[in-house]
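Listed here are the chains, written in short residue letters.
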Amino acid sequence: MRRVAVIGDKDSIYGFSALGLDIYPISNNLEGERELKKIILKNSYAVIYITEALAQNLKGHIDIFQKENEVSIVPIPGLFGNNGIGMKNVVGFVKKAVGTELDLNANN
Amino acid sequence: MANIMITPTRMELTRLKKKLVTARRGHKLLKDKRDEMMRQFLTLIEENKALRKKVETAIIFANQGFSLAKAETRSEFLNVSLMVPKQEVSLDVYYKNIMSVNVPKFKVKTRTHEPGDIYPYSFATTSSFLDDSIKSLFNILPDMLHLAECEKACWLLADEIEKTNRRVNALEYTVIPDTLQLIKYITMKIDENERSTAVRLMKVKEMLLTTN
């Protein structure tokens with residue numbers, strides 16, 4: 001049985017605790033990095049949602065964790081500091097696989 | 001061309017011919033694997049994009065509600081109201097094989113099945129914005145988990161496609177042409193040897209005839 005974690009600034013994530021997800025409120029990037037490492041080491045989470053503002057700052061770490069662990073780290077928009085990194089990641093996947101960017105909106 | 005460091009013998013020729021057959025077969029198989037993975041990847045990425053749009057809209061809506069609730073309610077009440085959640089989500093993880101890439105799939109289990117259990121507080125002291133936001137998050141949760149599955153699958157597939165692509169290119173542009181060139185080199189050497197043996201024999205025969 002694995003669980004779901006949410007990490008980010010408190011105001012953006014406290015609502016998720018009502019749904020039964022584990023929340024890890026942090027106040028700065030350094031604390032975020034430490035907390036994320038701790039969560040990953042616990043190895044009891046299958047999914048970690050992370051606010052976009054924090055994801056942007058910990059991008060290097062997240063890429064390594066995604067590669068080495070079975071955990072899925074997903075950026076979600078927070079209350080502030082949204083930078084569209086989630087959507088950028090999707091474009092990044094396409095770029096990596098196809099070798100070029102594809103206009104996925106072409107037939108929408 | 002690779003440095004020719006092989007002895008031009010028939011044994012080497014047979015070995016190289018076998019190698020060429022294997023390389024061609026491997027190349028074809030890997031190319032097919034890559035094409036199929038790419039097809040699956042493109043469907044997944046479309047799904048991923050649609051899901052992400054949906055989830056982001058819902059979360060942004062919920063966040064607006066939380067801000068309003070925070071403005072309306074005293075922070076002590078707000079902190080206490082969500083301190084002890086009634087609901088608990090856990091996931092059963094199993095793996096699906098897409099072209100030898102293991103992608104995770106989740107089976108969601110909740111502690112209680114009552115949908116009302118997402119409100120662990122009294123309605124008297126909290127704002128209705130909080131209820132709306134939590135309801136909106138609750139409704140989007142299945143899609144959020146699906147998004148997590150989808151993103152991980154896309155990540156893994158993109159990685160595998162990149163690797164396969166590199167292998168296909170290595171076979172197509174290095175291994176197969178090099179082997180072909182080596183085979184040509186050995187065949188020419190052997191032919192040359194044969195010709196020189198024939199000429200030598202003729203010469204010897206001629207010499208023998210003239211002495212007698």
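Provided above is the structure to which this section pertains.
Analysis parameters
- Residues numbered from 1 in each chain as written.
- Chains lettered and ligands numbered in written order.
- Predicted model: local features only at pLDDT ≥ 70, side-chain atom pairs only at ≥ 80, totals over all residues.
- Heavy atoms only, no water.
- Helix = DSSP H or I, 4+ residues; strand = E, 2+ residues; numbered from the N terminus.
- Rg over C-alpha atoms; globule rule 2.2 N^0.38 Å.
- Buried < 20%, exposed > 50% of the residue type's maximum accessible area, 1.4 Å probe, protein only.
- Contact = heavy atoms within 4.5 Å.
- Areas by Shrake-Rupley, 256 points an atom, 1.4 Å probe, with all protein chains shown as cover.
- Lys, Arg positive; Asp, Glu negative; His and termini not counted.
- Charge placed at Lys NZ, Arg CZ, Asp CG, Glu CD.
- Pairing = 2+ DSSP bridges.
- Buried area = accessible area lost by both parts, 1.4 Å probe.
- Salt bridge = Lys/Arg side-chain N within 4 Å of Asp/Glu carboxyl O.
- Axes fitted to C-alpha atoms, helices over the stretch in contact; angles between N-to-C directions.
- Parallel < 35°, antiparallel > 145°, perpendicular 65-115°, else oblique.
- Left-handed = near helix turned anticlockwise from the far one by under 90°.
- Nonpolar A, V, L, I, M, F, W, Y, C, P; charged D, E, K, R; others polar.

Moving on, we get to the overall build of chain B. Counting its regular elements, chain B contains three helices and two strands. Start at the N end of chain B and walk to the C end: the helices and strands fall as α-α-β-β-α. Taking 17 Å as the expected radius of gyration for a compact globule of 212 residues, we find that chain B reaches 35 Å, considerably beyond that expectation. Projecting the C-alpha coordinates of chain B onto the three principal axes gives extents of approximately 130 × 30 × 25 Å. Here chain B holds 212 residues, and the buried ones make up 38% of them. Looking at chain B alone, contacts between residues at least 24 apart form 77% of all its contacts between residues at least 6 apart. When the accessible surface of chain B is split by element, carbon and sulfur atoms take 59% of a total near 13,000 Å². Taken together, the 35 basic and 27 acidic charged side chains of chain B have centroids lying 11 Å from each other.

For the rest of this paragraph, the subject is the overall build of chain A. On a plain count of helices and strands, chain A comes out with six helices and four strands. Reading the helices (α) and strands (β) of chain A from amino to carboxyl end gives β-α-α-β-α-β-α-α-β-α. Each of the three principal axes of chain A carries a C-alpha extent, and together these read 40 × 30 × 25 Å. The buried share of chain A, reckoned over its 108 residues, is 51%. Contacts in chain A between residues at least 24 apart in sequence constitute 59% of all its contacts with a sequence separation of at least 6. If you sum the accessible surface of chain A, you get close to 4,900 Å²; carbon and sulfur atoms cover 52% of it.

Among the seven residues that make up strand 1 (residues 2-8) of chain A, six are buried, leaving the element largely enclosed by the rest of the structure. Sheet analysis places strand 1 of chain A next to strand 1 (residues 89-98) of chain B, joined by two bridges and oriented antiparallel. When the sheet's bridge partners are listed, Arg2(A) is paired in strand 1 of chain B with Leu91(B). Note that strand 1 of chain A and strand 3 (residues 45-51) of chain A share five bridges and pair parallel. Looking at strand 3 of chain A, one finds that Ala5(A) is bridged to Ile48(A). Strand direction decides the pairing type here: strand 1 of chain A and strand 2 (residues 22-25) of chain A, joined by four bridges, are parallel. If you follow Ala5(A) over to strand 2 of chain A, its bridge partner there is Asp22(A).

Here we take up the interface of chain A and chain B. The interface of chain A with chain B comprises 44 residues on the first partner and 50 residues on the second. Per-residue buried area on chain A facing chain B is highest for Tyr14(A), Leu19(A) and Phe93(A); these three make up 16% of the total on that side. Inspection of the region where chain A meets chain B yields three salt bridges. The residue Asp159(B) makes a salt bridge to Lys96(A) at a minimum N-O spacing of 2.9 Å. No other element matches helix 6 (residues 85-98) of chain A, which puts eight residues into the side of chain A that touches chain B.

Here the focus is the packing of helix 1 (residues 10-72) of chain B against helix 3 (residues 128-211) of chain B. Residue and element names in this part refer to chain B. One can describe the packing of helix 1 onto helix 3 by two numbers: an axis separation of 3 Å at closest approach and a directional angle of 165°. Relative to helix 3, the element helix 1 is oriented roughly antiparallel. In the crossing of helix 1 with helix 3, the sense of the turn from one axis to the other is left-handed. Residues belonging to the contact of helix 1 with helix 3 are distributed by class as follows: 41 nonpolar, 11 polar and 18 charged.

What follows is about the pattern of salt bridges. Side chains bearing opposite charge may pair, as long as their charged atoms lie close to each other. Summed over all chains, the structure comprises 21 salt bridges over all chains. A salt bridge links Glu36(B) to Arg39(B); the nearest nitrogen and oxygen atoms lie 3.0 Å apart. Linking Glu36(B) with Arg39(B), this pair stays in helix 1, spanning three residues, or about one helical turn. Accessibility expressed as a relative area gives 22% for Glu36(B), which makes it partly exposed. The closest approach of N and O atoms between Arg52(B) and Glu151(B), which form a salt bridge, is 2.7 Å. Separated by 99 residues along the polypeptide, Arg52(B) in helix 1 and Glu151(B) in helix 3 bring together distant segments of the chain. Beyond isolated ion pairs, a larger network of salt bridges with shared partners links Arg3(A), Asp22(A), Glu88(B) and Arg111(B).

Residue and element names in this part refer to chain B. Looking at the element boundaries, Val101 is found in strand 2 (residues 101-110). Considering only alpha carbons, one finds Val101 and Arg15, 86 residues apart in sequence, at a separation of 33 Å. Ignoring sequence-local partners within four residues, the contact set of Val101 consists of Met37, Lys96, Leu156, Leu157 and Glu160.

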